Every structure is written in structure tokens, then in C-alpha cells.
Amino acid sequence: MATAATSVESGRPGPEKAAAWQRELAGSAPEAVLAWAAQTFGDRVVFGSSLGAEDQVLVHMIATVKLQIPVFTLDTGRLFAESYDLMAQTEERYGIRLQVFCPDAAEVEALVAEHGPNLFRKSVALRRLCCEVRKIHPLRRALAGKAAWICGLRADQSMTRSSLQVVEWDAANGLFKISPLAGWTDAAVWSFVRTHQVPCNPLHERGYPSIGCACCTRAVAPGEDVRAGRWSWETPEKKECGLHAHAAASAARSACVSG
Ligand code: SF4
């Protein structure tokens, strides 16, 4: 099987190759997609975990069959205490070490000096600037030199993700993005978690279906959209932080590891 690099170098642009792979992998089980990614991209694929339930399912699948796919996560510096506990619990359960990428200290200091510690409340632009410094810049370091990254996104998580494919070309970062759980429902994720006793953030049971930074995440009421608790003061079409810009999100000028 051709590698991502040879495919692109041989004249097939990223979007075209992603579409071909999408057709090839349509309907495949997540475990098969992960194995395909490891074989196809070798040491140039990485899994970016936001520590959500979907990401924990993927860590379980990767670690159980010992796929050689490194797992990284972003520590924005403003996570819930429960998220740090989950990092430690995940490492212990699966015998792996998470690669943790943090924001540049000088950048954060300049940001806070100019706009204050809670700038994200002042405007969408400043919220995006905070996400840029605390998430996107560390993400770029995490993805440097990679040909593909794996995410725990699902299509039915929000209106900005409804067109999500298993394989997409991530134009913003210049590599392939693979979402093995794109077609899974929330019920399927939790069924897997219960069956395999996958460690998950206890905040999920306290009304937090989607967990990001503590200052930008609230619990949601029963029946509310799963991402209603993220940046709850903003309108739904703006609720992406730039980590996952795909067609629909881009259209809305939305430029989050499943964050
Ligand atoms: S989620 Fe909030 S605190 Fe976290 S990086 Fe984005 S704006 Fe900043």
C-alpha cells in the first residue's frame, strides 16, 4: 500500500487522496481504520486526544493491540483538575506515556498582560486568540513532520461537524485527518466504555458531555446540545477553536484535540 507521502508526491493532491481513502474505508470498524493508519503512515501518524470519552475509546483500541501510534494531548494550563487525573489514570491503565504539549510561556504572559486572564469572555475574536495561543500553537508543534493525525470527532457532535468524514484533508495543518469514530453515535461510545471499563472523566456524569478548559465549559441540561456547554455565551456556529477546521466550520469562519 502506498504511503501518504508517496501518494502526494506522485501527483495526487491531499483532498483527492483523502476522498479516495474515504471511499476505501467507508463502513470500516474503527479498529480497522486505526490499523490501516498505522500501516499506511508508519511513524508519521499521531493521535491527538482531548481526553473525551471518544478519545478514551480510541486510546483503548490503540493500546489493546499495541499499535505503534503515539498519543498526545494539549495542556492549555486551564484544564479541570479531573482532566489531569484522567491523564495519569490513562497512563497507568494502558501502560503508555502521553505526550503533553503546553503553550509557550512567553506567549501566554504577553496575552494575559495585554488582555487580562479572562479575555475569552470579552469577544469571539479574543476567545479565538486565546485558543490560538493555548491550543493551536502547541498543536502545530505536535503535528510538525507528521503526515496524518487521528482524532476522536464524531459527525453528530455538533452542527459544525455534521459533514465529517473518516478521512479528510486538513488544509489548515497540511496533513490527513482521520476520525475513526466519525459514524458512531453517543450511545455507541458509551456502550463501548461500559463494556470495556474504559477510564473516563467523572465530569461526564455530572452533566459535561464535552470537556475543555474549565473556564470555558459548563454543565448542560438534559436534552441540550452536547456542545452547548462549550463557550456557552457564543452562538453555535462559532463554537470551534481552530483545531478542527473542516468545510462546514470554515464556512462559518470557525477556524477544538476533539476540544
Ligand atoms: S477554551 Fe477558553 S481558556 Fe481554553 S484556550 Fe480556548 S478560550 Fe482559552
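Residues numbered from 1 in each chain as written. Predicted model: local features only at pLDDT ≥ 70, side-chain atom pairs only at ≥ 80, totals over all residues.

Caption draft 1: Layout of the overall build of the protein. Helix and strand content of the protein: nine helices and six strands. Counting all 259 residues of the protein, 41% fall into the buried class. (Helix = DSSP H or I, 4+ residues; strand = E, 2+ residues; numbered from the N terminus. Buried ≥ 20, exposed ≤ 12 C-beta atoms within 10 Å, placed from the backbone.)

Caption draft 2: Representation of the site of the ligand. Looking at the ligand, there are 13 residues lining it, with Phe 120, Cys 130, Cys 131, Cys 213 and Cys 216 nearest. Partitioning the shell around the ligand into residue classes produces seven nonpolar, two polar and four charged. (Near = placed C-beta within 6 Å. Nonpolar A, V, L, I, M, F, W, Y, C, P; charged D, E, K, R; others polar.)

Caption draft 3: Looking closely at the confidence of the model for the protein. Looking at the protein, the pLDDT average stands at 88 and 85% of residues meet or exceed 70. The low-confidence segment residues 1-10, where pLDDT is below 50, has 18 contacts with residues more than four positions distant or belonging to other chains. Counting contacts from residues 246-256, a segment whose pLDDT is below 50, to residues more than four positions away or on other chains yields 31 contacts. (pLDDT = per-residue confidence, 0-100. Contact = placed C-beta atoms within 7 Å.)

Caption draft 4: The packing of helix H6 (residues 105-115) against helix H7 (residues 124-143), seen in detail. One can describe the packing of H6 onto H7 by two numbers: an axis separation of 10 Å at closest approach and a directional angle of 165 degrees. It follows from the interaxial angle that H6 and H7 lie roughly antiparallel. Between H6 and H7 lies a crossing whose hand is left-handed. Here Glu 107, Val 108, Leu 111 and His 115 of H6 lie close against H7, whose contacting residues are Leu 126, Cys 130, Val 133, Arg 134 and His 137. When grouped by side-chain class, the residues that make up the contact of H6 with H7 number five nonpolar, two polar and two charged. (Axes fitted to C-alpha atoms, helices over the stretch in contact; angles between N-to-C directions. Parallel < 35°, antiparallel > 145°, perpendicular 65-115°, else oblique. Left-handed = near helix turned anticlockwise from the far one by under 90°.)

Caption draft 5: Looking closely at H6. Burial of H6 is sparse: only one of the 11 residues sit out of reach of the surface. Two residues or fewer past H6, Gly 116 is found with a positive phi of approximately 90 degrees.

Caption draft 6: Broad picture of the environment of Leu 86. In this fold, Leu 86 is placed in helix H5 (residues 81-94). The buried category is assigned to Leu 86, around which 25 C-beta atoms lie within 10 Å. Sequence separation of Leu 86 and Pro 202 is 116 residues, and the distance between their C-alpha atoms is 8.8 Å.

Caption draft 7: Looking closely at helix H2 (residues 14-25). Across its 12 residues, H2 extends 16 Å between first and last C-alpha, which sits within 8% of the 16 Å expected from 1.5 Å per residue. The first or second residue beyond H2 is Gly 27, which carries a positive phi of 85 degrees. (Expected span 1.5 Å × (residues − 1).)

Caption draft 8: Quick peek at the pairing of strand E6 (residues 175-178). In terms of strand pairing, strand E4 (residues 148-150) meets E6 through three bridges, oriented parallel. Directly across from Ala 148, in E6, lies its bridge partner Phe 176. The pairing of strand E5 (residues 167-170) with E6 spans four bridges and is antiparallel. In the strand pairing of E6, Trp 169 is matched with Phe 176. The antiparallel hairpin formed by E5 and E6 contains four residues in its connecting segment, where Gly 174 sits at a positive phi of about 70 degrees. (Pairing = 2+ DSSP bridges.)

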